[in-house]
Amino acid sequence: MSAGVRPVEARAVTEWAAEADVVVVGFGVAGACAAYEAAAAEASVLVLERSGGPGGASALSDGMVYLGGGTSTQLAAGVIDTPEAMRTFLLAACGPAPDEAKIDLYVERSVEHHDWLLARGVRFLGKVNPNSAGPSAADGEGLMFTGGENAWPFDDIAAPAQRAHVTQGARPGGSALMAALSDAVVEAGAKPMYDVRAERLIVEDGRVCGVVARRYGEQLAFRARGGVVLTAGGFAFNDDLLRAHAPAALRTQTRLGTDGDDGHGIRMAQAVGARVKRMDSLEWALPFNMARGNLSGILVNSLGRRFINEDTYMGRVGQAARNEESVFLVVDEKHYDPDAFRVPATAVAETADELASEIGLPPGSLSATLAYYNEHAARGDDPLFHKRPQWLTPLTGPLAAFDLRPRRFPNAVFTLGGLDTLSTGEVLDADGEPVPGLYAAGRTSSGVAASGYCSGLSLGDGSLFGRLAGLSAVRRD
């Protein structure tokens, strides 16, 4: 372990800058919820944030919180949902090998957690916008599909329901979410400190009891009498960690988060014996469908074959596309909708064979794919991938192809793996036992999303499991 994260023995600390029952590292959504619950439990709480204010990556997000099972916001919008349908969907969408215990608790607590957020000043809107322009939240959006719930194969296994609750009050919605939660944290009595970069954990008799941090060049030590909660983000902006665990992410420069997502919280915990989980897991979104009209096109690989239904969640498309050598969106002139990134067409041609030649597909491959697709689309059918009828339209020339590979088109990624934790937020060691005094939540830990993802899960499980971690840290062994 490098000296940069090696733990410090408490006996080596000559002066404590401050003491609290609970020290929270990071003031994004998970840290805010951990701090609030600890303070509400009458613990003294100190929040250390490396930037100049609260928010982190959470404040930059669309503010979609994935909740369901029959929340009052869903009921107001006329959305029918059940815990069973939510659980069935998440088990399928978050795998393979999802964390069933965390999913079960997430579903069980979803309605209660929704009401808890409302009580902290977060605002949702009980409506569904039938004219939603795309997969990202806009002004006036209330509830949205954000995981392919209403597309194959998920619509075959669970009744679709809009579960992404869009925070109201500002765009991006994450700024409104964090404004409400950070105000609630301060009102509850927690004390935030800004421009404080956590560097190492402090241990005493095998227990984590504090944090060494740096502020304006000065090294400071903060004692935690109950526990330390790490909510310091993922590692999407640490090329060395990506190279070691998730090298595919290095293929794209479109990484979601902040420069605080450097994995330092994870490394600090590893230095005291914590184990990690699913460090190779990435959310990989391919937002070709920011313009919804492009769902009428088809996605083909280097063999000129379709490999997924184009009307599903852009994260599911991205996960499938990252395993392909090449990926092209093929559209016709009649249905093309300029994408939000204004990426120019890679090639334009009158016929499928001419287009295939332009983009390097095997001769005859694209024309065969289009012939089969068009034949069935004319009947409103997609026997291969079951794309919904409203997006099934025969494609006729002129045709255009858009190269969607990461170096040509913004493929957006962030990390899903992190510290191995229990649902209580306790961080586990190599033997599967809790590291005394250490807790984690948010993208610093491995949460509900194992390998698959739905937009809104980071804010959803970060806030819920942040609450639980904060409460756990209050309780001393």
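Everything below is about the structure shown above.
Engineer: If you had to explain the pattern of salt bridges to someone new, which residues and values would you point to?
Structural biologist: Applying the stated rule across the entire model yields 24 salt bridges. Between Asp239 and Arg255 there is a salt bridge whose closest N-O contact spans 2.6 Å. In this pair, Asp239 sits in helix H9 (residues 239-245) while Arg255 sits in the loop between H9 and helix H10 (264-270), placing the two residues 16 residues apart along the sequence. By relative accessible area, which is 35% here, Asp239 ends up partly exposed.

Engineer: Explain unusual backbone geometry to me, and be specific about the residues and the numbers.
Structural biologist: Cis geometry marks the peptide bond from Gly95 to Pro96, where omega comes out at 5°. Its location among the elements puts Pro96 in the loop between helix H4 (83-93) and helix H5 (100-108). Of note, the bond from Arg171 into Pro172 is cis; its omega dihedral lies within 30 degrees of zero at 0°. With phi around 55°, Ala97 is a residue other than glycine that occupies positive phi space. As for its position among the elements, Ala97 is in the loop between H4 and H5.

Engineer: So what's going on with empty space enclosed by the protein? Residues and values would help.
Structural biologist: In this structure the tally under the stated criterion is two cavities of 30 Å³ or more. Here the largest cavity is characterised by a volume of approximately 60 Å³. For the lining of the largest cavity, the per-class residue count stands at four nonpolar, seven polar and two charged.

Engineer: Go over the sheet that holds strand S15 (residues 347-349) with me, naming the residues and quoting the values.
Structural biologist: Here we have four strands laid out as an open sheet, ordered S13-S14-S16-S15, and antiparallel in their pairing. Of all the strands in the sheet, just strand S13 (298-301) and S15 have a single pairing partner and so form its edges. Across the sheet, the mean angle separating the axes of adjacent strands is 25° when strand polarity is ignored. Along the sheet, helix H13 (residues 365-377) makes contact with S13, strand S14 (327-332) and strand S16 (399-403), crossing S13 at roughly 145°.

Engineer: Can you explain the side chain of Asn374? Please cite residues and give values.
Structural biologist: With respect to the helices and strands, the residue Asn374 is situated in helix H13. Excluding residues that lie within four positions of it along the chain, Asn374 makes contacts with Pro394 and Leu395.

Engineer: Report on helix H1 (residues 29-40), specifying residues and quantitative values.
Structural biologist: Across its 12 residues, H1 extends 16 Å between first and last C-alpha, which sits within 8% of the 16 Å expected from 1.5 Å per residue. Counting buried residues in H1 gives 11 out of 12 residues, a clear majority hidden from the surface. Looking at H1, one finds that the buried residues are Val29, Ala30, Gly31, Ala32, Cys33, Ala34, Ala35, Tyr36, Glu37, Ala38 and Ala39. Following H1 by one or two positions, Glu42 has its phi on the positive side, about 70°.

Engineer: Explain the nonpolar core residue by residue, including any values.
Structural biologist: Among the nonpolar cores identified, the biggest contains 40 residues, and Val228, Leu230 and Leu438 are the most heavily contacted of them. At five residues, strand S10 (residues 218-230) tops the list of elements feeding residues into this core. For Leu438, the contacting residues outside a window of four places in its chain are Leu201, Val208, Val228, Leu230, Ala269, Val272, Gly425, Glu426 and Val427.

Engineer: Any chance you could break down the packing of aromatic side chains for me, citing the residues and the numbers?
Structural biologist: Scanning the model with the defined rule gives six aromatic pairs in all. Centroid distance Phe27 to Tyr194: 6.4 Å. Interplanar angle 15°. Geometry classified as stacked. One end of the pair, Phe27, is in the loop between strand S2 (18-25) and H1; the other, Tyr194, is in the loop between strand S7 (191-193) and strand S8 (196-204), with 167 residues separating them in the sequence. A relative accessible area of 22% places Tyr194 in the partly exposed class. Seen from their ring centres, Tyr336 and Phe402 are 5.2 Å apart, and the 20° between their planes marks the pair as stacked. With Tyr336 in the loop between S14 and S15 and Phe402 in strand S16, this residue pair connects regions lying 66 residues apart in the sequence. Put simply, the rings of Tyr66, Phe89 and Phe154 touch in pairs and so form one group of aromatic residues. Sitting over the ring of Trp116, Arg120 keeps its end group 4.9 Å from the ring centre.

Engineer: If you had to explain the environment of Tyr106 to someone new, which residues and values would you point to?
Structural biologist: Structurally, Tyr106 can be placed in helix H5. Under the relative-accessibility criterion, Tyr106 is labelled buried at 1%. Between the alpha carbons of Tyr106 and His264 there is a distance of 27 Å; along the sequence they are 158 residues apart. Apart from the residues lying within four places of it in its own chain, the contact partners of Tyr106 are Tyr66, Met86, Leu90, Val448, Gly456, Leu457, Gly460, Asp461, Leu464 and Phe465.

Engineer: Now, about the packing of helix H12 (residues 352-359) against H13: what can you tell me, with residues and values included?
Structural biologist: Interaxial distance between H12 and H13 falls to 7 Å at its minimum, and their mutual angle equals 135°. Our classification of the angle between H12 and H13 gives oblique. Along this stretch, H12 crosses H13, giving a crossing that reads as right-handed. For the pair H12 and H13, the contacting residues are Ala352, Asp353, Leu355 and Ala356 in the first and Leu366, Ser367 and Leu370 in the second. The residue inventory of the contact of H12 with H13, partitioned by class, reads five nonpolar, one polar and one charged.

Engineer: Describe the sheet that holds strand S4 (residues 64-66), listing the residues and the values that go with them.
Structural biologist: Pairing within the open sheet is antiparallel, and its three strands lie in the order S4-S6-S5. The sheet is open, and its two edges are formed by S4 and strand S5 (143-144), each paired on a single side.

About the criteria used
- Once a new chain begins, its residue numbering starts again from 1 and follows that chain's sequence as written.
- Local features in a predicted model are, by the rule used here, given only for residues with pLDDT of at least 70; side-chain atom pairs are given and counted only at 80 or more, and totals for whole chains, interfaces and linings are based on all residues.
- Only hydrogens and water are set aside when side-chain values are computed; all heavy atoms of the structure are taken into account.
- Note on definitions: salt bridges are taken to be side-chain nitrogens of Lys or Arg within 4 Å of carboxyl oxygens of Asp or Glu.
- Put simply, DSSP H or I for four residues or longer makes a helix, DSSP E for two residues or longer makes a strand, and each gets a number counted from the N terminus.
- Relative accessible area decides the class of each residue, using a 1.4 Å probe on protein chains only: under 20% of the type maximum gives buried, over 50% gives exposed, and in between gives partly exposed.
- Method remark: on a 1 Å grid restricted to protein atoms, a set of points is classed as a cavity if a 1.4 Å probe fits but cannot get out and as a pocket if it is open with protein on both sides within 12 Å along at least five of seven lines; lining residues have an atom within 4 Å of a point.
- Grid points are joined across faces, edges and corners, and a volume is the space filled by probe spheres set on the points.
- The classification used treats Ala, Val, Leu, Ile, Met, Phe, Trp, Tyr, Cys and Pro as nonpolar, Asp, Glu, Lys and Arg as charged, and all other residues, Gly among them, as polar.
- Two strands pair if DSSP finds at least two bridges between them.
- For helices, the fitted line uses only the C-alpha atoms of the stretch in contact; every axis is such a line through C-alpha atoms, and the angle between N-to-C directions lies from 0 to 180 degrees.
- Here a residue-residue contact requires only that any non-hydrogen atoms of the pair lie within 4.5 Å.
- Multiply 1.5 Å by the residue count of a helix minus one, and that product is the helix's expected span.
- Nonpolar core, defined: a set of buried Ala, Val, Leu, Ile, Met, Phe, Trp, Tyr and Cys residues in which side-chain atoms within 4.5 Å join the residues together.
- Only centres within 6.5 Å qualify two rings of Phe, Tyr or Trp (six-membered ring in Trp) as a pair; their planes then separate them into stacked at under 30 degrees, edge-to-face at over 60, and tilted for everything else.
- Either the NZ atom of lysine or the CZ atom of arginine qualifies as a charge over a ring when it sits within 6 Å of the ring centre and within 35 degrees of the ring normal.
- An angle below 35 degrees is treated as roughly parallel, one above 145 as roughly antiparallel, one from 65 to 115 as roughly perpendicular, and anything else as oblique.
- What makes a crossing left-handed is the near helix being turned counterclockwise from the far one by less than a right angle; a clockwise turn instead makes it right-handed.

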